[in-house]
Amino acid sequence: MTTVVATGEFGGVIERHFVRRGHGAEFEMEADWIRAKLPGPARRVVDLGCGGGALLSVIGLDRVLGVDLAAAGLTHTRRRFGSVPLLCGSADRVPLADQSVDAITLQHVIEHLPDVPSAMAEWFRVLQ
C-alpha cells in the first residue's frame, strides 16, 4: 500500500530531497557506480524517486524518465530539466505500462518502501 502525503506534511523533505541532494563525494561515488553498471544500449531508463534530478544527467537526458512521489518537489525538478519527462508516482506502484523500460535506477529509495518484495515485482513488471 502506498501512502500519499500532502506537501505541507513533508517536513523538510522537499529541501533535502529536491534541492540539496546530488552533491559531494558520496553522490559522485554512487553516480560513478551507476555509470559503470547501467546497460549502454538501454534506450529508456526510469529513475524512481528522482527527487531533484541529480541522476538524470548521469543517466542521460535523452533516455531518462523521472518518477517521484512528491509533486511539489517535481516542480523544482521541471525548472532544472524541462526536457525530461517527469511523472508523479510511487516507486512501488510505477505509473508505466508493462515491459516499457529497459532499466531502472533508484537512489536512496528502497529503504523507504513498506513492502520491498512487492515493489520489486512491480519493477519487473515494467522492465522489458
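Residue numbering note: each chain is counted from 1, following its sequence as written. In view of the model being predicted, local features appear only for residues whose pLDDT reaches at least 70, and side-chain atom pairs are presented and counted only at 80 or more, with totals across whole chains, interfaces and linings using the full set of residues. Side-chain descriptors were evaluated using all non-hydrogen atoms of the structure, hydrogens and water having been removed beforehand.

**Q** Looking at this structure, how should I read the state of the cysteines?
**A** In protein structure, a disulfide is the covalent linkage between the sulfur atoms of two cysteines. Disulfides are defined in this document as cysteine sulfur pairs within 2.5 Å. Overall, the coordinates contain 0 disulfides when judged by the stated rule. Free of any disulfide, Cys 50 has its nearest cysteine sulfur in Cys 88, 9.6 Å distant.

**Q** Could you clarify how one ought to interpret the sheet that holds strand S2 (residues 64–68) in this entry?
**A** Two strands in a sheet stick together by hydrogen bonds in their backbones, pointing the same way (parallel) or opposite ways (antiparallel). In this scheme, strands are said to pair when DSSP sees at least two bridges between them. Put simply, DSSP H or I for four residues or longer makes a helix, DSSP E for two residues or longer makes a strand, and each gets a number counted from the N terminus. Strands sit in the order S3-S2-S1-S4 across an open sheet of 4 strands; the sheet is parallel. Edge positions in the open sheet fall to strand S3 (86–88) and strand S4 (103–106), since each of these has one partner strand only. Pairwise comparison of adjacent strand axes, ignoring direction, gives a mean angle of 20° for this sheet. Alignment of S2 against S3, held across 3 bridges, turns out to be parallel. Looking at S3, one finds that Val 67 is bridged to Leu 87. Note on geometry: axes are C-alpha line fits, over the in-contact stretch for helices, and angles between N-to-C directions span 0 to 180 degrees.

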